[in-house]
Amino acid sequence: MKISLLTMGTLGDVRPFLALAYGLEERGHKVTLAGPDNFVEYVTKSYNRDYSPIGINTQQVLESEEGRRWMASGDTKQFMNEMSNIMHANRFAMENGAAAACA
């Protein structure tokens, strides 16, 4: 069976899906992991796995001036609202990336 695993976030969000991909492949499935653009090299070179970027670099967002300010504020609600706005603004690129990973 062909399976696409989609995730969004930081390395802490990507790693569990990487482990799941290994487990599924051990059982004979063809797995493509899809997630933030900034993990392409990490997954493909360090773990020799198929990886499909989905159109947003979460590290770049979090390391931006705004991202650092949101995290430093400690205001989880504001942080989640701002991340939601960023996801909404990038929704077409992310939808295209997700569709490509599932093709």
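Scroll up a little and you will see the structure.
Predicted, not measured: the structure shown is a model, and the values here were computed from it.

1. As for the packing of aromatic side chains
Argument step 1. Enumeration over the complete set of coordinates arrives at three aromatic pairs.
Argument step 2. With 6.4 Å between their ring centres and 70 degrees between their planes, Phe39 and Tyr42 make a pair best called edge-to-face.
Argument step 3. In this structure Phe39 comes out as buried when scored by relative accessible area, which is 10%.
Argument step 4. Taking the centre distance of 6.3 Å and the plane angle of 75 degrees together, the rings of Trp70 and Phe79 count as edge-to-face.
Argument step 5. The rings of Phe39, Tyr42 and Tyr47 are connected pair by pair, giving a single aromatic cluster.
Argument step 6. Between the NZ or CZ atom of Arg49 and the centre of the ring of Tyr22, over which it lies, the distance is 3.8 Å.

2. Regarding the environment of Tyr22
Argument step 1. Mapping Tyr22 onto the fold places it in helix 1 (residues 11-26).
Argument step 2. Along the backbone, Tyr22 and Tyr47 are 25 residues apart, and their C-alpha atoms lie at a distance of 9.7 Å.

3. Looking at the sheet that holds strand 1 (residues 2-6)
Argument step 1. Taken in spatial order, the three strands line up as 1-2-3 in an open sheet, and their pairing is parallel. Taken across any chain shown, the strands that pair with only one partner, and hence form the sheet edges, are strand 1 and strand 3 (51-53). Strand-to-strand twist in this sheet, taken as the mean axis angle between neighbours without regard to direction, amounts to 25 degrees.
Argument step 2. Bridge count between strand 1 and strand 2 (residues 30-35): five bridges; the pairing is parallel. From the neighbouring strand, Leu5 faces strand 2, where its bridge partner is Leu33.
Argument step 3. Its contacts with the sheet put helix 6 (residues 91-102) on strand 1, strand 2 and strand 3, and the angle it makes with strand 1 is roughly 155 degrees.

4. What about the nonpolar core?
Argument step 1. Ile3, Leu5, Val14, Leu18, Ala21, Leu24, Val31, Leu33, Phe39, Tyr42, Val43 and Tyr51 form the largest nonpolar core, which has twelve residues in total.
Argument step 2. Where this core is concerned, the elements lending two or more residues are strand 1, helix 1, strand 2 and helix 2 (40-46).
Argument step 3. The element best represented in this core is helix 1, accounting for four residues.
Argument step 4. Apart from residues no more than four positions distant in its own chain, Phe39 is found in contact with Gly9, Thr10, Leu11, Val14, Tyr51 and Thr58.
Argument step 5. Ile56, Val61, Leu62 and Met94 belong to the second-largest nonpolar core, a separate cluster that totals eight residues.

5. Observations regarding helix 1
Argument step 1. End to end, helix 1 covers 22 Å across 16 residues, agreeing with the expected 22 Å (1.5 Å per residue, within 8%).
Argument step 2. In this structure, the buried residues of helix 1 make contact with strand 1, strand 2 and helix 2.
Argument step 3. In the stretch just after helix 1, Gly28 is the one whose phi turns positive, near 95 degrees.

The rules behind the values
- Residues numbered from 1 in each chain as written.
- Predicted model: local features only at pLDDT ≥ 70, side-chain atom pairs only at ≥ 80, totals over all residues.
- Heavy atoms only, no water.
- Phe/Tyr/Trp six-rings, centres within 6.5 Å; stacked < 30°, edge-to-face > 60°.
- Buried < 20%, exposed > 50% of the residue type's maximum accessible area, 1.4 Å probe, protein only.
- Lys NZ or Arg CZ within 6 Å of the ring centre and 35° of its normal.
- Helix = DSSP H or I, 4+ residues; strand = E, 2+ residues; numbered from the N terminus.
- Pairing = 2+ DSSP bridges.
- Axes fitted to C-alpha atoms, helices over the stretch in contact; angles between N-to-C directions.
- Contact = heavy atoms within 4.5 Å.
- Core = buried A, V, L, I, M, F, W, Y, C linked by side-chain atoms within 4.5 Å.
- Expected span 1.5 Å × (residues − 1).

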